[in-house]
Amino acid sequence: MVVVKRRSDALTQPRYSRDDVTTLSDKQNEPQWLCEARRAAWDVYEQTPMPHMEEEWRRTDYRSIRWQEADVMISANGVGEEVVPAKNREPLVGDTQGGLLVFVDGKVVHHEVAPELTEQGVIFTDLNTAIQEHSELVQANLGKAVQAEMGKFAALHAALWQNGVFVYVPRNKVAELPLHVVIYNTKEGASLLHNLVVVEENAQGTVQVDYASAEAEKHSAYFGGTELIVGDAANLRYVSLQEWNRETYDFSHQRAIVGRDANLDWVIGNMGSRLTKAFIEVDIVGKGSNARVSGFFFADKNQFFDLDTQQNHNAPLTTSDLLFKGAAKDNARTLWQGMIKSLPKMQKIDGYQVCRNLVLSDDARMDGIPGLEIEADDVICSHAATFGTLEEQPIFYLMSRGIERPHAQLMLISGFFDELLQRIPFEKVRERLTEEIEAKIVG
Amino acid sequence: MVTTLEIRNLHAQVAANGESILRGVNLTIKQGEVHALMGPNGSGKSTLANVLMGNPQYEITAGEVLLDGEDLLEMDTDERSRAGIFLAFQYPVSIPGVTLANFLRHAINARLKAEDPESKGMPIPKFVRMMREKMNSLGVDHSFAGRYLNEGFSGGEKKRAEVLQMAVLEPKIAIMDETDSGLDIDALRIVAEGIQKLTGPEMGALVITHYQRMLDYITPDFVHVMMHGQIVESGGAELALQLEEKGYDWLREKYGQPEQA
């Protein structure tokens, strides 16, 4: 255990050891390949310094985290799904659900899946169960998109993830009914869950993941990993809504790999946490594919969101369309760093990358850094970051029709987000985000 | 009771730089009356319209405005609207992401809630019916309702949207700030006929215009001429015709340059 002293007794990194990795593997009775993968990840973790001034980290100071609170592994203490607030449990994508998987403090407290999906060969279960029951399938896909080498916290995640979800839609199958995952913590401390979604060739699926936790005083840490494997000619719609309590530090790597002639529609909502550092990446590896990423974020009080997005065009004739829209009020800070990359000679690619920011107070700060690295000449790529504030003349205009000032402001802010909400193919997700906007403005 | 708006010795300046614009405006408008306000560019007509609505770009330095004896200048912009004042803007701002229908529904519900805090607002079917009727009577295409407010609207569409809002909100005193400007003759006819339908015993109007042609549709009871931040001449409808014919030079000679503040 390495403990570096900094001011008083504050820890500069979490207190984990190689023994924790072994203990976890043993406890979960994991197959050899997984034990080895975890140990290899631990090696990477040990060899990697805590992130500090690297380009993707130098604007993000997570050092306010109290590791002595945040690194304590959360363990379940018998509470059930009744503790999960209704809004987080409510299915937002589609009326009839194909499955529901609820984690409370890392433990599965509810699991159901529609028989018609199971009959088709669709797998929707927690990752630990999947490893026992579908070891080869998991092995073939785990780590395809997110690897320990991606960074300190990716390595920690790969070494110590506790459980997670496994979604598998086999070749040529359409999982019409959406699958819903709820990850909810009532306790303070560390959690590490892994989401592995595999949609095979010519298959289709829809998944919603909700992250939330009860209000707390102590710090928590979430080390997340999400892998979306979209096969050739496959379709995946994936919605993730993050609403951790205000004392949670969220470090996550989320990456999609999109095959040939496939479609990914990815919706991300970032409302909660004290600090979020998310790496969101789409790799388009097959010709003729489209990826759309729509990101919503709204930071208030002392929140800090750092969203790094990357669109990799590794095949010709591919389209990526990324729109993030966010607001910050009080003394919140947000940062978006975007990048579109192409391999050499990937012609006829169309990449779009825009982040629009609405700054709602003098003390809030928002930054946006778009980037392009394109090594082809027959391409359409656009990128931009825009910044605005609430202007007095539109408020005056709305008020001149009898609308009170706070309501006028709310209308303008909602209007700002409308462009993003209209891209989201689920009405209830739009409604939920609209409620979040109102809550943030009032709160 | 007939609503009365009384403007007494009103002085106002640009908030940003203290430039004096209104230099003692006196005018009384009653519900049911149509007043035309004319005058050269820069004489303060638009400023008067904006000051009456409470535009924060301007500061009042002297004078008062009473609405049925109540101090209008003490009210916030939204209260003035709910009290029955309406301004059709010369250059309405666009509001991305807010549809015209949604906007008007909020405006109506704000009124209902001000009257009765328990009000749940106008039921949507009733609102839709009302909107359709108003749009029909003004010759406005129904697709307008679903469009973002003024976003990508042509000049004529913006002005028609202003008149539509006026029709929906049924003000007691409406101020129209060059609602005829920037329109071709067909668009002008549509807009002016729309305004004509709205004027009557229920609505008083202050119609700010440069041109007689708007007044061919809306016959004013009174015509006022503003110069250098004051109303310098008032008369009947014939004054507008006189101005059309002779321009403003004769008034400039008659009233000279303004006193320096």
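Residues numbered from 1 in each chain as written. Chains lettered and ligands numbered in written order. Predicted model: local features only at pLDDT ≥ 70, side-chain atom pairs only at ≥ 80, totals over all residues.

## So, the sheet that holds strand E9 (residues 173-177) of chain B
Residues and elements named next belong to chain B.
Here's step 1: The 6 strands are arranged E6-E9-E10-E3-E11-E12 in an open sheet whose pairing can be described as mixed. Either end of the sheet is taken by a strand with one partner, and the two such strands are strand E6 (85-88) and strand E12 (230-235). Across the sheet, the axes of successive neighbouring strands diverge by a mean angle of 20°, strand direction being ignored.
Here's step 2: Sitting on the sheet, helix H5 (residues 155-169) is in contact with E6 and E9, with an inclination near 165° to E6.
Here's step 3: Sheet contacts for helix H8 (residues 237-246): strand E3 (34-38), strand E11 (222-227) and E12; angle to E11, the most-contacted strand, approximately 45°. (Pairing = 2+ DSSP bridges. Helix = DSSP H or I, 4+ residues; strand = E, 2+ residues; numbered from the N terminus. Axes fitted to C-alpha atoms, helices over the stretch in contact; angles between N-to-C directions. Contact = placed C-beta atoms within 7 Å.)

## A short note on the interface of chain A and chain B
Here's step 1: With 21 residues of chain A at the contact, the number on the chain B side is 22 residues.
Here's step 2: Among the secondary structure elements, those contributing two or more residues to the side of chain A that touches chain B are helix H9 (392-399) and helix H10 (405-421) of chain A.
Here's step 3: Ranked by residue count, the leading element in the side of chain A that touches chain B is H10 of chain A, at 10 residues.
Here's step 4: In terms of residue class, the side of chain A that touches chain B is made up of 9 nonpolar, 6 polar and 6 charged. (Nonpolar A, V, L, I, M, F, W, Y, C, P; charged D, E, K, R; others polar.)

## Observations regarding the confidence of the model for chain B
Here's step 1: Confidence in the prediction for chain B averages 93 pLDDT; 98% of positions are at 70 or higher.
Here's step 2: The complex prediction reports pTM at 0.91, with the ipTM value standing at 0.96. (pLDDT = per-residue confidence, 0-100.)

## Regarding the pairing of strand E16 (residues 319-328) of chain A
All names here are of chain A.
Here's step 1: Taking burial as the measure, the 10 residues of E16 include 7 buried ones, the bulk of the element.
Here's step 2: As judged from the 10 bridges shared by strand E14 (residues 290-299) and E16, these two strands associate in the parallel manner. Bridging across to E16, Arg292 finds its partner in Asp321.
Here's step 3: Pairing of E16 with strand E18 (residues 350-359), which is carried by 10 bridges, proceeds in the parallel orientation. (Buried ≥ 20, exposed ≤ 12 C-beta atoms within 10 Å, placed from the backbone.)

## Quick notes on the packing of H5 of chain B against helix H6 (residues 185-198) of chain B
Helix-helix packing is described using two parameters, namely the angle between the two axes and the distance between the axes.
Residues and elements named next belong to chain B.
Here's step 1: Running from N to C, H5 and H6 point in directions that differ by 10°, and their axes come no closer than 10 Å. When the interaxial angle is binned, H5 and H6 end up roughly parallel. Side by side, H5 and H6 meet where Gly156, Lys159, Arg160, Val163, Met166 and Ala167 of the first sit next to Ala187, Ile190, Val191, Gly194, Ile195 and Leu198 of the second. (Parallel < 35°, antiparallel > 145°, perpendicular 65-115°, else oblique.)

## Side note on helix H11 (residues 427-442) of chain A
Residues that lie three or four places apart on an α-helix share one face, since the helix turns once every 3.6 residues.
All names here are of chain A.
Here's step 1: In this model H11 runs 23 Å from its N-terminal to its C-terminal C-alpha over 16 residues, within 8% of the 22 Å that 1.5 Å per residue would give.
Here's step 2: Among the residues of H11, Val429, Arg430, Arg432, Leu433, Glu436, Ile437 and Lys440 are the ones counted as buried. Projected down its long axis, H11 carries its buried residues within an arc of 160°, all on one side. Counted as exposed and oriented over 90 degrees from the buried face of H11: Glu427, Glu431, Glu435, Ala439 and Val442.
Here's step 3: On its buried face, H11 sits against helix H4 (86-89), strand E10 (235-243), strand E12 (263-270), E14 and H10. (Expected span 1.5 Å × (residues − 1). Arc of directions from axis to C-beta.)

## Structural notes on H6 of chain B
Residues and elements named next belong to chain B.
Here's step 1: The first and last C-alpha atoms of H6 sit 20 Å apart over 14 residues, in line with the 20 Å expected at 1.5 Å per residue.
Here's step 2: Listed in full, the buried residues belonging to H6 are Leu188, Val191, Ala192, Gly194, Ile195 and Leu198. Angular distribution of buried residues about the axis of H6 spans 155°; they occupy a single face of the element. Summarising the geometry of H6, the exposed residues directed more than 90 degrees from the buried face are Ile185, Asp186 and Lys197.
Here's step 3: Elements in contact with the buried residues of H6: H5, E9 and helix H7 (212-215).
Here's step 4: Backbone geometry just downstream of H6 places Gly200 in the positive-phi region, at approximately 160°.

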